[in-house]
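Reading the structure
One-letter residues, chain by chain:
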Amino acid sequence: MDVFRSKKMNRRTVTLGSAAAFAAITLAPGIKLAAQEAEDQLEVFSWWTAGSEAAGLDLLFAAFTAMAPDVEIINAAVAGGAGSNAQAALQTRLAGGDPPDSWQSHLAKELESRYVEPGYCEAIDDLWEEEGWGDVIPEGLAAQSTIGGSKYIIPVGVHRGNVVFFNKQVLADNGVEVAETISIDEFFTIADTLKAAGITALALGSKDGFETPQLFENILASRLGAEAYVGLWDGTTAWDGDEVKAACEDLVKVLGYVNEDHPALTWDGAMSKVMEGTAGFTSMGDWAYGNAVVAGVQDTIGYAAHPGTDGIFISVVDGFVLPVGAPHPNNARTWLKAVGSAEAQIAFAPNKGCIPARTDVDASTLNAYGQWSAADFADSAVVPSNAHGAAAAPKFQAAIGEACVNVLVSLDAASFQMELADAAAAAELGS
Amino acid sequence: MAAEVAIPPQHEIERAHKSRFDRAIGPLLLSPSVILLAIFVYGFIGTTIWISISNWDSAITDWSIADPWWKVYDALFHMTRFQINIRNTIVFTVFMLLFAVGLGLIFAILLDQHIPGNALFRNVFLFPYALSFVVTGVAWRWIFNPETGINVLIDTLGINWVLDKLGMGPFAPKWITDPRVIGDLGSIIPLPDIIKAQIGIPAAMIPVIIAAVWQLSGFAMAMYLSGLAAISDDVREAASLDGASMWQLYRDIIIPLLKPITISCLIILGHVSLKIFDLVYAMSGRGPGYATEVPGIFMFDKTFKVLEYNTGAAASVVMLFMVSLVIVPYLARSMKDV
Amino acid sequence: MATALGSPRKSENKKLGVGKTIGLIFLGIMLVFYLIPVYVMVVNGLKTADVVSFSRMWQLPSKLSLGGYGQAWDKLSPNVWSSVTLVVPATIISGFLGALNGYILSKWKFRGSDLLFTLMLFGMFIPYQSILIPLIKFLQSIGLYGNMAGLILVHVVYGLPFTTLIFRNYFANVPTELVEAATVDGAGLLQIFFQVMLPLSIPAFVVVGIFQFTNIWNEFLFGLTVITNPARQPITVALNNLSGSFSVEWNVVMAGAVLTALPTLLIYIVLGKYFVRGIMAGSVKG
């Protein structure tokens with residue numbers, strides 16, 4: 001019996017033991033953390049709970065499982081309110097120091113003000129480096145992923161917000177032909193024809209609070225062009241200027257062609273009207289096309305860029321982040337690598353009805369709409385969406401939402417613009 | 001009465017028999033509940049008031065006091081949206097009380113008589129009170145959806161066919177999607193400049209009031225029935241001997257006798273309606289042009305969605321203040337009576 | 001059930017006069033009105049998904065199907081169990097604490113106890129929005145945020161004013177001589193509570209039980225904000241989510257509403273007498 005050796009072993013045991021005790025005390029919810037790590041899990045938070053979105057999420061999970069087969073995935077998805085319920089739930093979890101391993105966020109302002117500024121997100125520049133994402137993610141998206149010089153998110157799928165969908169049959173019945181692009185004036189001419197025929201020209205659902213701001217930002221883009229539109233969000237384009245005035249007047253004019261029951265409907269109700277043929281057009285993001293696909297009527301639905309926004313791609317981009325204090329940081333990093341991979345993105349996109357954020361993937365598996373969108377994405381000026389949180393901080397976004405609620409009732413373009421200008425001033429853009 | 005006189009005042013007995021130990025242990029056993037309520041009610045209210053005068057208006061917690069400290073309240077009361085919220089709360093409260101308490105009284109008086117199916121009526125009128133506001137909201141939301149609900153029924157019943165024959169337009173109200181505000185107080189009497197909201201009755205609020213009356217009138221009926229049961233038959237007989245008609249009996253004698261019940265109903269239902277949240281949230285949300293938004297929803301939106309914690313807190317303090325105006329005198333009076 | 005609300009006065013004559021006939025017609029119309037939502041919920045829940053459409057909302061189903069209820073149960077059953085695991089402990093704990101409080105506040109009054117009681121009662125009336133932000137912060141700091149134990153604590157604490165009130169009023173009507181006699185026999189405060197008062201207080205427990213069960217089952221705001229995991233949120237929150245998502249068929253939403261309403265409705269039907277007693281007692285003065 002070697003006394004010396006056994007003593008050494010003892011000392012090591014003691015050291016290990018006290019280190020473990022120290023870790024248990026200092027690492028905040030020590031016991032919980034250890035228990036979960038032992039179970040080897042990955043908790044992912046999103047608001048993809050329904051239909052095709054959930055199916056898309058499952059394919060992302062599958063890509064992760066291929067890389068880490070033994071890890072149990074916890075799907076912490078929260079439904080309702082186009083993500084705003086989920087954001088509220090997530091925000092309280094984060095404030096309480098109980099982050100999931102990763103969560104879904106839009107890029108730019110939402111990422112910045114909700115998650116990066118309060119210190120909830122870890123920079124992932126090293127992952128971008130390792131995985132070579134900088135070479136395959138377009139510059140516009142890379143810029144929207146960067147806050148204060150560091151990358152904080154990996155974009156997964158890209159939606160387009162400025163699309164109009166229309167019922168081909170309804171238009172044909174009324175002798176209307178739609179070219180590949182529609183100008184603002186053409187649209188109003190068509191709208192008059194439909195209105196005269198007793199058909200809702202533009203279906204709108206204004207219940208959820210993001211639909212009207214989205215319609216308005218599409219109109220803003222049509223009047224301002226890409227550059228001035230982007231300037232709205234950094235203070236270089238004046239909100240009290242003539243172009244915004246024209247956009248405000250356009251919105252009020254467009255509201256003259258919408259269905260009366262819009263306050264009771266959300267965007268899908270509006271899309272249903274187009275699919276049923278009780279309305280001609282609806283202006284929505286490309287997720288609306290997914291509803292037509294699910295209903296099996298995609299052949300009757302046509303699409304084009306929102307009138308006057310050809311060459312502009314208002315992007316609604318979903319990505320995933322790495323939290324500070326992730327319960328399973330290694331799994332979280334593996335997850336980000338998985339969702340950033342070409343395989344995962346090309347599997348995800350057709351289900352979610354979006355296009356991959358990576359440009360090096362084979363778009364041929366996308367449906368005709370997806371291919372059209374992908375081609376436009378490559379050629380257009382990619383700009384952020386305010387209605388979906390990327391363009392403005394929550395307060396300014398909310399103020400625009402309030403102005404839109406009011407203009408739906410007042411139908412007064414001048415007071416609408418004044419409200420917007422006041423909100424912009426209060427938001428201290430560009431400072 | 002006689003027995004009561006024979007017993008010495010209670011505190012003397014207590015001194016005689018209850019041990020000092022037991023008298024000390026009482027407050028001690030009470031203390032867990034007292035401490036919990038002190039923290040959860042008064043401590044938290046204090047904290048909320050602090051937040052409402054702080055600079056905490058983003059995801060980043062900030063306890064520093066705003067400059068000036070009433071900044072948030074100033075902004076809040078200048079906000080058209082919040083003015084609309086307050087208007088909606090008042091309209092909702094006034095009309096809900098009027099109809100819920102009024103119907104409750106009528107039900108109670110009718111059901112205090114011998115009427116066939118008495119028990120059935122009582123039970124049907126009261127059962128909604130046992131439901132969740134969320135269930136009520138979900139059910140009525142579909143009924144008052146203009147394209148799907150009650151308007152379809154009106155059509156089915158042929159009412160619009162008749163109206164059409166009479167040369168009138170169809171009766172198809174827009175219910176919870178109606179953005180109109182009926183009436184404008186500002187055009188009748190001059191209002192302070194600060195008021196930017198149109199002071200009238202938001203049309204979309206009417207269905208919500210109907211749903212609330214449906215749910216809460218049974219409460220008033222039950223209260224009145226117990227009150228009527230307590231009025232002795234002697235009172236009625238004396239009145240009828242005097243030759244008073246049924247109408248006079250109720251107007252001059254019974255309804256005045258029920259005044260304490262009426263006050264209780266107004267206060268209990270009134271404070272429920274001043275802090276209403278679930279019903280509106282589930283039924284109509286903010287409504288067109290905020291026509292059905294109330295401070296409870298505003299608070300939820302500002303706090304959890306926009307992350308303007310100070311604004312949300314200030315709105316909730318306003319709610320607390322409104323409720324306190326009703327409840328504090330009531331509690332003070334109840335305390336005097338005990 | 002027939003006696004749930006007492007019975008009509010006996011001295012009236014039984015003949016229907018003109019006034020009563022008008023009254024009866026009025027009551028009949030109101031009865032139909034009060035049953036409209038029940039009709040809509042129950043009937044549409046029984047329709048199959050393919051015949052559910054808004055334009056046929058008022059028609060009876062051509063063929064009966066429990067499919068709506070089956071689907072609603074599939075979607076909502078985790079939340080039903082959440083609500084059960086919430087309601088049962090919260091009701092029992094708040095009821096027991098309320099009994100103890102009510103006993104002390106009625107039979108062992110001390111200087112300032114009436115004021116203390118009134119201050120406690122205030123907690124019953126506050127809008128919960130006014131404590132919500134600190135509450136969430138507090139629950140987070142003690143590690144109870146987002147889980148059922150936290151929500152149970154919340155419902156216990158905010159249920160205390162009501163349970164204390166009911167028991168205090170109930171015990172106030174128990175003759176003080178009973179306590180006196182026991183103290184003369186040498187029983188202490190707790191002994192009297194467990195051996196004399198608790199056995200007497202079954203009716204009060206029933207009232208408190210019914211009301212706490214109903215209140216907590218029906219509650220929405222705390223369930224929405226304290227529990228973040230949708231699968232663990234109480235049934236009312238799940239119902240609201242269900243009705244807000246357009247991917248769910250309408251018959252399922254209506255069936256879900258019926259499921260949510262059923263437990264409290266059953267209590268009302270079976271224990272109506274106590275339910276009414278609770279309404280009276282809850283209006284502070286009792």
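Structure report, in brief. Predicted model, so just to flag it, every value in this text is computed and none were measured. (Residues numbered from 1 in each chain as written. Chains lettered and ligands numbered in written order. Predicted model: local features only at pLDDT ≥ 70, side-chain atom pairs only at ≥ 80, totals over all residues. Heavy atoms only, no water.)

Topic: the packing of helix H11 (residues 211–234) of chain A against helix H18 (residues 394–410) of chain A
Residues and elements named next belong to chain A. Going by this rule: Angles here are taken between N-to-C directions and fall from 0 to 180 degrees, while the axes themselves are lines fitted to C-alpha atoms, restricted in helices to the stretch in contact. The helix and strand labels rest on DSSP assignments: H or I over at least four residues marks a helix, E over at least two residues marks a strand, and numbering proceeds from the N terminus. In what follows, roughly perpendicular refers to angles from 65 to 115 degrees, roughly parallel to angles under 35, roughly antiparallel to angles over 145, and oblique to any angle outside these ranges. Should the near helix be turned anticlockwise from the far one by less than a right angle, the crossing is left-handed, and should it be turned clockwise, the crossing is right-handed. Contacts are residue-level and defined by heavy atoms, with any inter-residue pair within 4.5 Å sufficient.
Packing of H11 against H18 brings their axes to within 11 Å, and their N-to-C directions diverge by 130°. As judged from the angle between their axes, H11 and H18 are oblique. Judged by the twist between their axes, the crossing of H11 over H18 is right-handed. Residues Thr-212, Pro-213, Phe-216 and Trp-233 of H11 touch H18, and the partners they reach there are Phe-396, Ile-400, Gly-401, Cys-404 and Leu-408.

As for empty space enclosed by the protein
For clarity, the threshold we go by: The way it works is a 1 Å grid over only the protein atoms, where trapped points that fit a 1.4 Å probe form a cavity and open points with protein on both sides within 12 Å along at least five of seven lines form a pocket, and then any residue with an atom within 4 Å of a point lines it. Grid points are joined across faces, edges and corners, and a volume is the space filled by probe spheres set on the points. Residues are grouped as follows: Ala, Val, Leu, Ile, Met, Phe, Trp, Tyr, Cys and Pro are nonpolar; Asp, Glu, Lys and Arg are charged; all remaining types, including Gly, are polar.
In this structure the tally under the stated criterion is 7 cavities of 30 Å³ or more. Its volume calculated, the largest cavity comes out at about 1,000 Å³. Together, 40 residues line the largest cavity, and Phe-133, Val-272 and Lys-275 of chain B together with Tyr-128 and Asn-215 of chain C are the ones closest to its centre. When residues of the lining of the largest cavity are assigned to their parent elements, the largest contribution, 6 residues, is made by helix H8 (residues 202–218) of chain C. In the lining of the largest cavity, the residues fall into 24 nonpolar, 13 polar and 3 charged.

Re the interface of chain A and chain C
Formally: Accessible area, probed at 1.4 Å, shrinks when two parts are joined; the buried area is that loss added up over both. A pair is scored as a salt bridge if a Lys or Arg side-chain nitrogen falls within 4 Å of a carboxyl oxygen belonging to Asp or Glu. Polar contacts here mean pairs of N or O atoms no more than 3.5 Å apart (in protein, one a potential hydrogen donor and the other a potential acceptor; neighbouring residues in sequence count only if both atoms are side-chain atoms).
Counting residues at the interface gives 11 residues for chain A and 9 residues for chain C. Together chain A and chain C conceal approximately 880 Å² of surface at their shared face, both sides included; 61% is due to carbon and sulfur atoms. Among the residues of chain A in contact with chain C, Thr-92, Arg-93 and Gly-96 of chain A are the three that bury the most area, contributing 31% of the side total. Inspection of the region where chain A meets chain C yields 0 salt bridges. The interface formed by chain A and chain C contains 0 residue pairs in polar contact (both at pLDDT 80 or more). Per element, the largest residue contribution to the side of chain A that touches chain C is 5 residues, and it comes from helix H4 (residues 84–95) of chain A. Its residues assigned to classes, the side of chain A that touches chain C comprises 5 nonpolar, 4 polar and 2 charged.

Regarding the interface of chain B and chain C
Counting residues at the interface gives 109 residues for chain B, matched by 108 residues for chain C. When chain B packs against chain C, the two sides together hide about 9,700 Å² of surface, and 76% of this comes from carbon and sulfur. Its largest share of buried area at the contact with chain C, chain B owes to Phe-40, His-114 and Trp-142 of chain B, together 8% of the area lost on that side. The tally of links between chain B and chain C comes to 0 salt bridges. Counting every contact that joins chain B to chain C gives 14 residue pairs in polar contact (both at pLDDT 80 or more). Among the elements that line the side of chain B that touches chain C, the one with the most residues is helix H3 (residues 20–52) of chain B, at 19 residues. Of the residues belonging to the side of chain B that touches chain C, the class tally is 74 nonpolar, 22 polar and 13 charged.

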